[in-house]
Amino acid sequence: MESNKKIVKLYLNPVQEEALRVNPRELAGLWGRGLGKSPVQAKRSYDAITSMPGASIAAIGPSYVNIMERTLPPMEQFWQQFFGWREWDGETGDYIKFRKPPDHWPQPSTPPSSYKHAISTRWGTIMYLGSLDRPGILNSLSLQYYGLDEGRFADYERVTKDLTPAVRGDLLKFGNCPLYRGRTITSDLPYIEDNAEWMYELQSKMNPKDVMMILQFQDKIDKRRMQWLEAKTKQRRLSLEKKIAELEYMANRVRKKTTYFSMASNLVNRHVLGLDYFRENADPRVNPKHVFRTSYLSIRPRSVESMFYGKMGARHWYIGEFNYSALDSLYETYGSRANLFRTCTSDMDIDTSAGLVAGMDFGNMVSLSIGQKNPFGRKEFRTVNFMYALVPDDMDNVADKFCRYYEAHPTKKLRLHYDRTGNTKLENSKQTKAEHFASRLRAKGWNVSLMSVGMGIIPHPLKHLLFSRMFAEEELERFPILRMNKQNCKELYASLNLAPAIPKGDDIFKDKRSEKLAIHRLPMESTNPSDSWDYMIWGEYHHHIDKRGVQQAWKPTTSKKK
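About the criteria used
Residues numbered from 1 in each chain as written. Predicted model: local features only at pLDDT ≥ 70, side-chain atom pairs only at ≥ 80, totals over all residues. Heavy atoms only, no water. Pairing = 2+ DSSP bridges. Helix = DSSP H or I, 4+ residues; strand = E, 2+ residues; numbered from the N terminus. Axes fitted to C-alpha atoms, helices over the stretch in contact; angles between N-to-C directions. Buried < 20%, exposed > 50% of the residue type's maximum accessible area, 1.4 Å probe, protein only. Arc of directions from axis to C-beta. Contact = heavy atoms within 4.5 Å. Salt bridge = Lys/Arg side-chain N within 4 Å of Asp/Glu carboxyl O. Phe/Tyr/Trp six-rings, centres within 6.5 Å; stacked < 30°, edge-to-face > 60°. Lys NZ or Arg CZ within 6 Å of the ring centre and 35° of its normal. Patch = residues over 30% accessible without salt bridge, like charges linked within 9 Å, V, L, I, M, F, W, Y side chains within 5 Å. Areas by Shrake-Rupley, 256 points an atom, 1.4 Å probe, with all protein chains shown as cover. Lys, Arg positive; Asp, Glu negative; His and termini not counted. Parallel < 35°, antiparallel > 145°, perpendicular 65-115°, else oblique. Left-handed = near helix turned anticlockwise from the far one by under 90°. Nonpolar A, V, L, I, M, F, W, Y, C, P; charged D, E, K, R; others polar. pLDDT = per-residue confidence, 0-100.

**Here's the deal with the sheet that holds strand E8 (residues 259-264)**
Spatially, the eight strands line up as an open sheet ordered E3-E4-E5-E2-E6-E7-E1-E8, and their pairing is mixed. Of all the strands in the sheet, the pair left with one neighbour each is strand E3 (95-97) and E8. Averaged over all neighbouring strand pairs, the angle between strand axes comes to 15 degrees, with direction disregarded. With three bridges joining them, E3 and strand E4 (residues 118-121) adopt antiparallel strand pairing. By the bridge assignment for E4, Lys97 is matched with Ile119.

Encoded structure:
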């Protein structure tokens, strides 16, 4: 009954509000960073759980790590903050994670064989946590709804092969719910290099007339609900409840056949962020035009001609392979905080018999790109991780992160490349920055070779030439293929994709204006992370290009080793 419903006050920006008022069977949102994708996923999961008691639904991500560390925590926070849900504490609660639920709770229509990757609720609805890199979790499941977060990282073939066939079953029991066989797909705006054309194609499935019809019904429903709140008599409330039920029935009939597609920028939050925020970031001295258009206005990019890493493509990135037996143990112990305790033992893309290579960039943001040369005997350079620290933290913070994460790596050899400021001495010290960083690693048993002693300025045109030839993969007898871990290198991924180029005659330079942004914005919006990657790749492969150009940048010296 309408009289039993709890009134919850929830702030939504216009994009979130329209999406949730339409509330269609299929919702796809390509929304700018910080616009609010998590509340929409959480609200839709709440609707599916409470409107289809006993159903099986799923929260899906490109990787299980992504689901556990980036999707589930804000979803739980939303459930608890706005709907008063509590995790089962042994006596009371609304949901329980990864364990068999209390016997007095309703059972799902299809009980699971294991609760290891499931969240059970007091409605009998069960939500599986799954990912496209662990299809075994989804095998043989019959789902009535799923939410897919970070859709731009999702492989379309995996979506169609593993997810689409799983959304089926129980038509007689759940067929009247508009979310039956529904899905919610959210993502940041895909970069050019993302293999995410399928997400844009969802727009062609949307019928604007159906969307308008739903919104018109919803306007009438909202009006009746306001009247219900003001009603003085029980008879008046009952009359309004009957009318609301009729309108919801008609709206839901349209919702069941509707796809809603939305692409929006964080301009919708201008009243929160302030117009000065956009004016400052539109300044070409702060952000190149294409970066502002893509990252702030969510205008779909069209070409890579103006990018410094223009030859880089989707094939160069992979979703990391994880040792989930190790990760599952961490999740059971620490839950969503497991990321704080992850180590290299969870990474399956590391060759334990080989040492590591790293590139380091000093400054307000200390960046460290980490890779391996020819892992597992393959002719490949693999970037496996990225770490950083922002002032007031410094290189010691990055050194400690590195030592903790790779403590279990048996081959403790590191070839360290870095920018020329690493050869300057620290204040009141006989050590250079690079020597100080290396000394902290050596204290933990690492054999560190400093590869950039005596380095001069590396000409941007030569870097651009080297990287373009390597990304093109047309000289495999000379260069290895380049592969990079999307999951472990989120900041590096953003930096390489957003690094613009400045043509000067026949030469190409990297546009580094973004490095003047506010300190907290550097990891995801600046070229700082990409610089550390440059030093690593340049240091390992510069000898394959024109020697005269190399000599301009490099003074031949003997590397410092332990």
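**Digging into helix H4 (residues 156-163)**
By the burial criterion, the buried members of H4 are Val159, Asp162 and Leu163. The buried residues of H4 occupy an angular sector of 100 degrees when projected down its axis, which confines them to one face. Away from the buried face of H4 by more than 90 degrees, exposed residues Glu157 and Lys161 are located. Buried residues in H4 make contact with strand E2 (56-61), strand E6 (145-148), strand E7 (182-187) and helix H6 (197-201).

**Let's talk about the pattern of salt bridges**
Applying the stated criterion to the full structure yields 30 salt bridges. Close ionic contact of Glu540 with Arg415 constitutes a salt bridge, the shortest N to O distance being 3.0 Å. Placement of Glu540 in helix H18 (residues 528-541) and of Arg415 in strand E13 (residues 413-418) is noted, with a sequence separation of 125 residues between them. Through salt bridges that share partners, Lys463, Lys510, Lys512, Glu515, Asp531 and Asp534 make up one connected network.

**Regarding the packing of aromatic side chains**
All told, the structure shown has 20 aromatic pairs when counted by the stated rule. Taken together, the ring pairs connect Tyr46, Phe78, Trp79, Phe82, Phe83, Trp85, Tyr95 and Trp123 into an aromatic cluster. Taking the ring centre of Trp228 as reference, the NZ or CZ of Arg237 above it sits at 5.8 Å.

**Things to note about a nonpolar patch on the surface**
Together, Tyr11, Val272 and Leu273 line one region of the surface with nonpolar side chains, adding up to about 320 Å² of accessible area. Turning to its location among the elements, Tyr11 is positioned in the segment before helix H1 (14-22).

**Focus on unusual backbone geometry**
Note the cis peptide between Val391 and Pro392, where omega equals 15 degrees. In this structure, Pro392 sits in the loop between strand E12 (380-390) and helix H13 (395-405). The phi angle at Phe98 is positive, at roughly 65 degrees, despite the residue not being glycine. You can see Phe98 is positioned in the loop between E3 and E4. Phi at Phe376 is positive, roughly 55 degrees, even though this residue is not glycine. Mapped onto the secondary structure, Phe376 falls in the loop between strand E11 (365-373) and E12.

**Thoughts on the side chain of Arg44**
Structurally, Arg44 is set in helix H2 (residues 37-51). Although Arg44 lies buried, it forms no salt bridge, and the closest oppositely charged side chain, Asp47, sits 6.2 Å away as judged by the N-O distance. When near neighbours in sequence (up to four residues on either side) are disregarded, Arg44 contacts Leu20, Asn23, Pro24, Arg25, Glu26, Leu27, Tyr145, Leu179, Arg183 and Thr184.

**Quick word on the packing of helix H7 (residues 208-230) against helix H8 (residues 234-255)**
Running from amino to carboxyl end, H7 crosses H8 at an angle of 165 degrees, the nearest separation of the two axes being 9 Å. On the basis of their axis angle, the class for H7 and H8 is roughly antiparallel. In this structure, the crossing between H7 and H8 has a hand that is left-handed. Listed contacts from H8 to Asp210, Met213, Ile214, Phe217, Gln218, Lys220, Ile221, Arg224, Arg225, Gln227 and Trp228 of H7 are Arg236, Arg237, Leu240, Glu241, Lys243, Ile244, Leu247, Glu248, Met250, Ala251, Val254 and Arg255. When the residues that make up the contact of H7 with H8 are grouped by side-chain class, the tally is 11 nonpolar, two polar and 10 charged.

**A word on the environment of Glu332**
Structurally, Glu332 can be placed in helix H12 (residues 324-334). Taking the C-alpha atoms as reference, Glu332 lies 32 Å from Phe174; in sequence the two are 158 residues apart.

**Structural notes on the confidence of the model for the chain**
Per-residue confidence for the chain gives a mean pLDDT of 87; residues scoring 70 or more make up 90%. Ranking the helices and strands of the chain by mean pLDDT puts strand E10 (residues 356-361) first, with 98, and helix H19 (residues 547-553) last, with 47. Counting interchain partners and residues more than four positions distant, the pLDDT-below-50 stretch residues 549-559 has 23 contacts.

**Some remarks on the pairing of E7**
The buried fraction of E7 amounts to six of the six residues, a majority that puts the element mostly inside the structure. Pairing of strand E1 (residues 26-31) with E7 involves five bridges; the strand directions are parallel. Directly across from Leu27, in E7, lies its bridge partner Thr184. Sheet topology places E6 next to E7; four bridges connect them, and they run parallel. Bridging from a neighbouring strand, Gly147 pairs with Thr184 of E7.

**Quick look at the environment of Glu380**
Turning to its location among the elements, Glu380 is positioned in strand E12. Note on Glu380: relative accessible area 7%, which makes it buried. Taking the C-alpha atoms as reference, Glu380 lies 4.7 Å from Ile481; in sequence the two are 101 residues apart. In this structure Glu380 touches Gln372, Lys373, Asn374, Pro375, Pro480, Ile481 and Arg483, once residues within four positions along its chain are discounted.

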